[in-house]
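# Structural overview
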Amino acid sequence: QVQLVESGGGLVQAGGSLRLSCAASGRTFSSYAMGWFRQAPGKEREFVSAISVSGGTYYADSVKGRFTISRDNAKNTVDLQMNSLKPEDTAVYFCAADSLVRTVVRGTGVRYWGQGTQVTVSS
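Right, let's walk through the structure included here. Being a predicted model, the structure only gives us computed values, none of them experimental.

### Considering the overall build of the protein
Scanning the protein from N- to C-terminus turns up one helix and 11 strands. Order of helices (α) and strands (β) in the protein, N terminus to C terminus: β-β-β-β-β-β-β-β-β-α-β-β. Overall size of the protein, expressed as C-alpha extent along the three principal axes, is 40 × 25 × 25 Å. The proportion of buried residues among the 123 residues of the protein is 46%. Look at the contacts in the protein between residues 6 or more apart in sequence, and 59% of them connect residues 24 or more apart. Split by element, the accessible area of the protein, about 6300 Å² in all, is 48% carbon and sulfur. Within the protein, one finds 13 positive and 9 negative side-chain charges whose respective centroids are separated by 5 Å.

### A closer look at the state of the cysteines
All chains considered together, the criterion is met by one disulfide. Across the disulfide, Cys 22 is cross-linked to Cys 95 (sulfur-sulfur distance 2.1 Å). Of note, the bridge from Cys 22 to Cys 95 carries an S-S torsion of about -85° and is left-handed in sense. Pair noted here: Cys 22 is in strand 3 (residues 18-24) and Cys 95 is in strand 9 (residues 91-98), with a separation of 73 residues, a long-range link. With relative accessibility at 0%, the residue Cys 95 sits in the buried group.

### Thoughts on the side chain of Ser 49
You can see Ser 49 is positioned in strand 5 (residues 46-51). Here the side chain of Ser 49 touches Tyr 58 through a polar contact of 2.8 Å, landing on its backbone oxygen. Apart from the residues lying within four places of it in its own chain, the contact partners of Ser 49 are Met 34, Gly 35, Trp 36, Tyr 58, Tyr 59, Ile 69 and Leu 80.

### Remarks on the packing of aromatic side chains
If you walk through the whole model with that rule in mind, you get three aromatic pairs. With a centroid separation of 5.9 Å and 80° between ring planes, the pair formed by Tyr 32 and Tyr 112 is classed as edge-to-face. Here the residue Tyr 32 occupies a position in the loop between strand 3 and strand 4 (33-39), and Tyr 112 occupies one in strand 10 (residues 112-113), the gap between them amounting to 80 residues. Given the relative accessible area of 12%, Tyr 32 is considered buried. Seen from their ring centres, Phe 37 and Phe 47 are 5.7 Å apart, and the 75° between their planes marks the pair as edge-to-face. Taken together, the positions of Phe 37 in strand 4 and Phe 47 in strand 5 put the pair 10 residues apart, joining distant regions of the chain. Phe 47 shares its class with Phe 37; the two are buried. Site record: aromatic cluster; members linked through ring pairs are Phe 37, Phe 47 and Trp 113. In this arrangement the basic side chain of Arg 45 is found over the ring face of Phe 37, its NZ or CZ atom lying 5.7 Å from the centre.

What counts, and at which threshold
- Residues numbered from 1 in each chain as written.
- Predicted model: local features only at pLDDT ≥ 70, side-chain atom pairs only at ≥ 80, totals over all residues.
- Heavy atoms only, no water.
- Helix = DSSP H or I, 4+ residues; strand = E, 2+ residues; numbered from the N terminus.
- Buried < 20%, exposed > 50% of the residue type's maximum accessible area, 1.4 Å probe, protein only.
- Contact = heavy atoms within 4.5 Å.
- Areas by Shrake-Rupley, 256 points an atom, 1.4 Å probe, with all protein chains shown as cover.
- Lys, Arg positive; Asp, Glu negative; His and termini not counted.
- Charge placed at Lys NZ, Arg CZ, Asp CG, Glu CD.
- Disulfide = S-S within 2.5 Å.
- Polar contact = N/O pair within 3.5 Å; in protein donor to acceptor, adjacent residues only side chain to side chain.
- Phe/Tyr/Trp six-rings, centres within 6.5 Å; stacked < 30°, edge-to-face > 60°.
- Lys NZ or Arg CZ within 6 Å of the ring centre and 35° of its normal.

Okay, structure coming up:
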């Protein structure tokens, strides 16, 4: 039904910035809460950020103040601006979508997932 494609990952030095983008298919993008998760090698997937259909934003404590999530319903995209990157931010970042923002924040039972994009932060 819905396909999500992430882009913008790459290699950056600590303290640098990256902007991830997620492009969503479908004609009802504005009805979905969107979010970002990440998974580092050998670690569990963790919640990073989410944005509700009304534009409310949510952040994990580990990224609050450094990352900013935004959405453009006209373009069917959600972005994650990542500043002041740390080596601990190194992970595969996944875009996610669900009807309920609380489901996105929770991370379990999320309806749609992207394929992931690699972010590597060097020291």
